[in-house]
Amino acid sequence: MNENIKNQYISNFDKELIDYKNGIIGDSHIFNLGKPSEILQKCGFPPHNRIELSSARLKLKSQQTNHPFDIEDIIGLDKALKSPIAVFEYGDKNKSQNVIVNLEKDGKNFLVGVFFNQKRDGFEVSSIRGLFNRDNIDWIRWIEQGKMIYGNKEKIQVSIAQQRTNLADVNNQDVRTSSDTYYLDSTTSILLKFGDVNDIFTEDFE
C-alpha cells in the first residue's frame, strides 16, 4: 500500500478504489464521490446531484497512452474535489466544468471533467467524464484567457512558483519558455487584482 493510502483517512470511495485495483470490484461499478461542496455549488454544480465516476470510465482514462496513471494516484479524489485549486468553463459552463484538484502525478495536477444533469437509473447525476494529470501551465493559461470560474489564490500561486522553477531548469532550446513566462507573469498580475480575497469567484467581480 502506498504512502497516499497509509497517510490519510480512508473514505468509502478510497476503499472501493483499492478493491477495484485488486479486482474485487468490476467494470460495471459506479463510484459515489458525494454531493458537491459549497465551493462547487457556487460554481454552478447542481447541489442535489451526487458526483459519480464509473469504473469503466476510470479504466479507460487510466490506460490512455498519452497520460496513463495508476488507480492509487487518485486516492482522496472525493475529498480533493471539495476543495479544488481552480474550476474552469468547459464549453457551456452550465453543462460541464473542469476542476483542477490538489492531487498530482509527475508534478502535474489532475483535471476532473464533470458533466451535469446526466441521467442514470431515473436520476440526474454529475458524471466525471474526463480524468487525467494535466500540464499545470495549460490550466494556468486558462486563467489569463478568462475561463476561470473559481480559483484558490494561494494554491494557484504555489503552482505558478513551481512552474517558474521548472522553467529555470528547461533547456534554452525549449520554444515554450518565453510564452510560458508571459502567461505566468500575466496570471500573477490577474491574481493580484483580487487583493486579499483568497477564494476567488470571478462572477463576484464582473
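Fair warning: this is a prediction, and the values are worked out from it, not measured in the lab.

1. A closer look at the pattern of salt bridges
Inference 1: Taken as a whole, this structure holds 16 salt bridges when the rule is applied.
Inference 2: Put simply, lysine 79 and aspartate 78 hold a salt bridge, and the shortest N to O gap is 3.8 Å.
Inference 3: When salt bridges with common partners are traced through the structure, they connect Arg50, Glu52, Arg120 and Asp121 into a single cluster.

2. Brief notes about the environment of histidine 48
Inference 1: With respect to the secondary-structure elements, histidine 48 resides in the loop between helix H3 (38-43) and strand E2 (51-54).
Inference 2: Histidine 48 sits 78 residues away from serine 126 along the chain, and the two C-alpha atoms are 9.6 Å apart.

3. What to know about the sheet that holds E2
Inference 1: Spatial ordering of the open sheet is given by E1-E2-E6-E5-E4-E3-E7-E8, a layout of eight strands whose pairing is mixed. Each edge of the open sheet carries a strand with a single partner, namely strand E1 (30-32) and strand E8 (199-201). Direction aside, the axes of adjacent strands within the sheet are offset by 30° on average.
Inference 2: In this structure, strand E4 (residues 96-105) lies alongside strand E5 (residues 108-120), joined through seven bridges in antiparallel fashion. Bridge pairing in E5 links serine 96 to phenylalanine 115.
Inference 3: Lying on the sheet, helix H6 (residues 136-144) is in contact with strand E3 (86-89), E4, E5 and strand E7 (148-152); it crosses E5 at an angle near 65°.

4. Concerning the nonpolar core
Soluble globular proteins tend to bury their nonpolar side chains together.
Inference 1: Within the largest apolar cluster, 34 residues are counted, with the highest numbers of intra-cluster contacts made by Leu33, Leu58, Leu77, Leu81, Val101, Val112 and Leu131.
Inference 2: Secondary-structure elements contributing two or more residues to this core are helix H2 (12-21), H3, E2, helix H5 (77-82), E4, E5, strand E6 (123-133) and E7.
Inference 3: One finds Phe88, Met148, Ile160 and Ile200 within the second-largest nonpolar core, a separate group that totals 19 residues.

5. Things to note about the packing of aromatic side chains
Two measures describe an aromatic ring pair: the distance that separates the ring centres and the angle between the ring planes.
Inference 1: Counted by the stated rule, this structure contains ten aromatic pairs.
Inference 2: Plain terms: the ring middles of tyrosine 150 and phenylalanine 201 are 4.9 Å apart, the flat faces sit at 45° to each other, and that makes the pair tilted. With tyrosine 150 in strand E7 and phenylalanine 201 in strand E8, the pair connects residues that are 51 residues apart, well separated along the chain.
Inference 3: The exposure class assigned to tyrosine 150 is buried, which follows from its relative accessible area of 1%.
Inference 4: Arranged with centres 4.7 Å apart and planes meeting at 80°, the rings of phenylalanine 194 and phenylalanine 205 form a pair that is edge-to-face. Placement of phenylalanine 194 in the loop between helix H8 (177-192) and E8 and of phenylalanine 205 in the segment after E8 is noted, with a sequence separation of eleven residues between them.
Inference 5: The exposure class assigned to phenylalanine 194 is buried, which follows from its relative accessible area of 14%.
Inference 6: Pairwise contacts between aromatic rings join Phe13, Tyr20 and Phe31 into one cluster.
Inference 7: Of note, lysine 42 hangs over the ring of phenylalanine 201, and the distance from its end group to the ring centre comes to 4.4 Å.

Parameters at a glance
- Residue positions are given per chain, counting from 1 as you read along its sequence in written order.
- With pLDDT at 70 or above as the cut-off, local features in this predicted model cover only qualifying residues; side-chain atom pairs require 80 or more to be listed or tallied, and sums for whole chains, interfaces and linings still use all residues.
- Values reported for side chains reflect all heavy atoms of the structure, with hydrogen atoms and water molecules removed beforehand.
- By definition here, a salt bridge exists when the distance from a side-chain nitrogen of Lys or Arg to a carboxyl oxygen of Asp or Glu is within 4 Å.
- Where helices and strands are cited, they refer to DSSP runs of H or I of at least four residues and of E of at least two residues respectively, numbered from the N terminus.
- Two strands make a pair as long as DSSP finds a minimum of two bridges between them.
- Axis definition: a line fitted to C-alpha atoms, over the contacting stretch in the case of helices. Angles run 0 to 180 degrees between N-to-C directions.
- Any two residues whose heavy atoms approach within 4.5 Å are treated as being in contact.
- In this description, a nonpolar core means a group of buried Ala, Val, Leu, Ile, Met, Phe, Trp, Tyr and Cys residues linked to one another through side-chain atoms lying within 4.5 Å.
- Here the term buried applies to any residue with accessible area under 20% of the maximum for its type, exposed to any over 50%, and partly exposed to those in between, with areas from a 1.4 Å probe on protein chains only.
- Aromatic rings from Phe, Tyr and Trp, taking only the six-membered ring of Trp, are treated as a pair when their centres fall within 6.5 Å; an angle between ring planes under 30 degrees marks them as stacked, one over 60 as edge-to-face, and anything in between as tilted.
- Two conditions define a charge sitting above a ring: the NZ of Lys or the CZ of Arg must be within 6 Å of the ring centre, and it must be within 35 degrees of the ring normal.

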